[in-house]
Amino acid sequence: VKRIVIGKYKKNIREKLSKTINDKYDLAIISANPYTNSLIEASKIISNKNLNAKILFKLHPNENSIKEDIFKSFKEYKNINIFDSEEPIENILMLSPRILVVQSTTTYNALESNKEIYILPKYDYHIHEDMFKLNNVHILDESMSIDLSNKTYSRFLEGTIFFDDFKISDDIKKLIEI
């Protein structure tokens, strides 16, 4: 299997994430525009079905211009906390054993860190088709049912690496110098 480096992900962070489980939140929802409204709606449905659950809604930098509207939309949902786009994704992944996305490179960070993944089947979600058959990846149906009362989950991908440390080879250095 040939490994293709698709991003920079430091090994020490990967090891820290895979060993750190902080149950501060039961679910981290990773948002991004154009999925914002669908993820807000899904968040509200999941919140109403899991009243005792603690849910984190992570804003994407491309949502900064609508940040105030997003905060207003969750005003009545006391179990949903919104995290600013400035919060590093590594910190978010340490706060919850599972995430919900439409599609995001964060999904690969989460898989590599042995998190449980829920995918909202909207827009271009099929971009993650390569992971649909993995045991810890779940495609949500219309009922938006996620059992957040379950505090334990299995680690399915021990040792799987999607991101590798980026090393600049001599060939790349020569190209940069040109």
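Rules used in this analysis
Residues numbered from 1 in each chain as written. Predicted model: local features only at pLDDT ≥ 70, side-chain atom pairs only at ≥ 80, totals over all residues. Heavy atoms only, no water. Helix = DSSP H or I, 4+ residues; strand = E, 2+ residues; numbered from the N terminus. Contact = heavy atoms within 4.5 Å. Areas by Shrake-Rupley, 256 points an atom, 1.4 Å probe, with all protein chains shown as cover. Buried < 20%, exposed > 50% of the residue type's maximum accessible area, 1.4 Å probe, protein only. Right-handed = clockwise from strand over helix to strand, strands pointing away. Pairing = 2+ DSSP bridges. Expected span 1.5 Å × (residues − 1). Core = buried A, V, L, I, M, F, W, Y, C linked by side-chain atoms within 4.5 Å.

Some thoughts on the overall build of the protein chain
1) Next: The number of helices and strands found in the protein chain is six helices and six strands.
2) Next: Listing every helix and strand of the protein chain by position from the N terminus yields α-β-α-β-α-β-α-β-α-β-β-α.
3) Next: Counted over contacts in the protein chain with a minimum sequence separation of 6, partners at least 24 positions apart contribute 67%.
4) Next: Counting every atom, the protein chain has about 10,300 Å² of accessible surface; 50% of that belongs to carbon and sulfur.

Re the pairing of strand β2 (residues 55–58)
1) Next: Judged by which residues are buried, β2 turns out to be covered on both faces: Ile55 and Phe57 on one side and Leu56 and Lys58 on the other are all buried.
2) Next: Assessed by its sense of winding, the connection that carries the chain from strand β1 (residues 27–30) through helix α2 (residues 36–49) to β2 is right-handed.
3) Next: Strand direction decides the pairing type here: β2 and strand β3 (residues 80–83), joined by four bridges, are parallel. Bridge pairing in β3 places Leu56 opposite Asn81.
4) Next: Remark: the β2/helix α3 (residues 67–73)/β3 crossover connection has right-handed handedness.

Regarding α2
Count 3.6 residues to each turn of an α-helix, and residues three or four apart come out pointing the same way.
1) Next: The end-to-end C-alpha separation of α2 is 20 Å, in line with the 20 Å expected for 14 residues at 1.5 Å each.
2) Next: What α2 keeps buried is the set Thr36, Ser38, Leu39, Ile40, Ala42, Ser43, Lys44, Ile46 and Ser47.

Quick look at the nonpolar core
1) Next: In this structure, Leu39, Ile46, Phe57, Leu100, Leu120 and Leu140 are the most contacted members of the largest nonpolar core, which totals 25 residues.
2) Next: Mapped by element, the contributors of at least two residues to this core are β1, α2, β2 and β3.
3) Next: A per-element tally of this core places α2 first, with four residues.
4) Next: Residues in contact with Leu140, not counting those within four places in the same chain, are Ile46, Leu100, Tyr118, Ile119, Leu120, Pro121, Ser145 and Ile146.
5) Next: Within the second largest apolar cluster, 18 residues are counted, among which are Tyr25, Leu93, Ile117 and Val137.

Focus on the pairing of strand β4 (residues 98–101)
1) Next: Covered by surrounding structure in β4 are Arg98 and Leu100 together with Ile99 and Val101, the residues of both alternating faces.
2) Next: Bridge analysis of β1 against β4 gives two bridges, and the strand direction is parallel. Within the sheet, the bridge partner assigned to Ala28 lies in β4 and is Ile99.
3) Next: Pairing between β4 and strand β5 (residues 116–119): four bridges, direction parallel. Opposite Arg98, over in β5, you have Glu116 as the bridge partner.
4) Next: Remark: the β4/helix α5 (residues 106–112)/β5 crossover connection has right-handed handedness.

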